[in-house]
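# Structural overview
If you want the building blocks of each chain, they are given just below.
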Amino acid sequence: AMNSGNHVMLLGDFLVWMYENIGGIRSDTREIAFKKILFEPYFSTRLQFADITTASPYGVIRSHWRKDRKKIIWNIEVPANSHAEVHLPGIDLQHILESGNTISGRQDMKCTQLQNKTLVEIGSGNYLFSFTL
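Right, let's walk through the structure included here. (Residues numbered from 1 in each chain as written. Predicted model: local features only at pLDDT ≥ 70, side-chain atom pairs only at ≥ 80, totals over all residues. Heavy atoms only, no water.)

### Some points on the sheet that holds strand 5 (residues 71-78)
This is how it is decided: Pairing between strands is defined by DSSP: at least two bridges between them are needed. The secondary structure listing takes helices from DSSP runs of H or I that are at least 4 residues long and strands from runs of E that are at least 2 residues long, numbered from the N terminus.
An order of 3-4-5-11-7-8 is seen for the six strands of this open sheet, with the pairing classed as antiparallel. Bordering the open sheet on either side are strand 3 (49-56) and strand 8 (101-102), each of which pairs with just one other strand. In terms of strand pairing, strand 4 (residues 59-68) meets strand 5 through seven bridges, oriented antiparallel. Paired with R62 across the strands is E77, a residue of strand 5.

Quick look at the structure:
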């Protein structure tokens, strides 16, 4: 009778929601914990930025995005011995930049264009994506 249902939301589920939805950091369940990272944040119209960092067995994982008018600037850090799949809104590959260069034709990235999103597979390292919503 003394237990509150709010404690679970405030201390547990809310933090997971922030990491997985606002930061977009998830572990691919088909591989061992954070060996493959899925990045798919919800770019909220109400938020101007998010900076989410977490530790994994391989090192630091970071998702930092900010809005600059209608443009999203998104810094991703993938630890050594890991790889990631980045989910971007349905944008033509020619309009997605990484460190100022288009990702189309990059040898170090595998890009797949789907109907409503673009998937980019990357290795460990720091990446700076930018695109217009």
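### Remarks on the pattern of salt bridges
Operational definition: A pairing counts as a salt bridge when a side-chain nitrogen of Lys or Arg comes within 4 Å of a carboxyl oxygen of Asp or Glu. Exposure is judged per residue with a 1.4 Å probe applied to protein chains only, and the accessible area is read against the type maximum: over 50% gives exposed, under 20% gives buried, and values in between give partly exposed.
A complete count under the given rule lists eight salt bridges for this structure. The salt bridge partner of R26 is E20, with a shortest N-O separation of 3.8 Å. Exposure remark for R26: the relative accessible area of 28% places this residue in the partly exposed category. Owing to a relative accessible area of 29%, E20 belongs among the partly exposed residues under this scheme. One salt bridge in this structure joins D28 and R30, with 2.9 Å as the shortest N-O distance.

By themselves these figures say nothing about function.
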